[in-house]
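Analysis of the macromolecular model
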Amino acid sequence: MTKRTHTTPPSDAEARRRALPVLTYSVEQLPSFDAAFYNRARAELSEVAELTVPPRDAKAFEVPAGHFFRIVSVEGPQVGDLNLWNAHDLTERFYSGKTYRA
């Protein structure tokens, strides 16, 4: 018995490989970066919680309005999904997989 290492590519695999990335949000639509604001905020930061997510797992946590959160890869380079929702309006959301390629 021969072990297959790959699945059969879809019939349009070559066309998918040739497709250019689709930007979901253009740079012109982004608000300008306010470095002074973030520098002031960083000067007053204090850690209030820490959460470790094991490989191939997921966690959910709440970040109150006006607070920051930071993601740190503690075991070297990682790939992860980041999905954010407004707890009071679930139609306001952000999916990291939709920011570069659609």
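This one's a predicted model, so the numbers in the text were calculated from it and none came from an experiment.

So, on to the pattern of salt bridges. This structure, assessed with the given rule, holds two salt bridges. Asp 12 serves as the salt-bridge partner of Arg 16, at 3.0 Å between the closest nitrogen and oxygen. Linking Glu 14 and Arg 17 is a salt bridge whose minimum nitrogen-to-oxygen distance equals 2.8 Å. With Glu 14 and Arg 17 both in helix α1 (residues 13–18) and three residues apart, this pair spans about one turn of that helix. The class for Glu 14 is partly exposed, based on a relative accessible area of 49%.

Moving on to the pairing of strand β2 (residues 89–95). One ladder, built from four bridges, connects strand β1 (residues 83–86) with β2; its direction is antiparallel. Bridge assignment links Asn 86 to a residue of β2, and that residue is Asp 89. The antiparallel pairing of β1 with β2 creates a hairpin that spans two residues between the two strands.

Turning our eyes to something else, we now look at the packing of aromatic side chains. Inspection of the entire model under this criterion finds five aromatic pairs. Note on Phe 37 and Tyr 38: the rings are 4.9 Å apart at their centroids and 85° apart in plane angle, and the pair reads as edge-to-face. Classification of Phe 37 by relative accessible area gives partly exposed; the value is 38%. A ring pair is formed by Phe 61 and Phe 69, whose centres lie 5.6 Å apart and whose planes are at 75°; its orientation type is edge-to-face. Judged by relative accessible area, Phe 69 falls into the partly exposed class, the value being 35%. Among the aromatic residues, those joined into a cluster by ring pairs are Phe 33, Phe 37, Tyr 38 and Phe 68.

Here we come to the layout of surface pockets. Here the idea is plain: a probe the size of a water molecule rolls over the atoms and shows the empty space left. Taken as a whole, the largest pocket encloses approximately 2200 Å³ of empty space. What lines the largest pocket is a set of 45 residues, among which Leu 51, Phe 61, Phe 69, Arg 70 and Ile 71 lie closest to the centre. At four residues, the largest contribution of residues to the lining of the largest pocket is made by β1. Among the residues forming the lining of the largest pocket, the class breakdown is 24 nonpolar, 10 polar and 11 charged. Within this model, the second largest pocket holds a volume of roughly 280 Å³. Lining the second largest pocket are Phe 33, Tyr 38, Ala 41, Arg 42, Leu 45, His 67 and Phe 68.

Criteria and cut-off values
- Residues numbered from 1 in each chain as written.
- Predicted model: local features only at pLDDT ≥ 70, side-chain atom pairs only at ≥ 80, totals over all residues.
- Heavy atoms only, no water.
- Salt bridge = Lys/Arg side-chain N within 4 Å of Asp/Glu carboxyl O.
- Helix = DSSP H or I, 4+ residues; strand = E, 2+ residues; numbered from the N terminus.
- Buried < 20%, exposed > 50% of the residue type's maximum accessible area, 1.4 Å probe, protein only.
- Pairing = 2+ DSSP bridges.
- Phe/Tyr/Trp six-rings, centres within 6.5 Å; stacked < 30°, edge-to-face > 60°.
- 1 Å grid on protein atoms, 1.4 Å probe; cavity = no way out; pocket = protein on both sides within 12 Å on 5 of 7 lines; lining within 4 Å.
- Points joined across faces, edges and corners; volume = space filled by probe spheres on them.
- Nonpolar A, V, L, I, M, F, W, Y, C, P; charged D, E, K, R; others polar.

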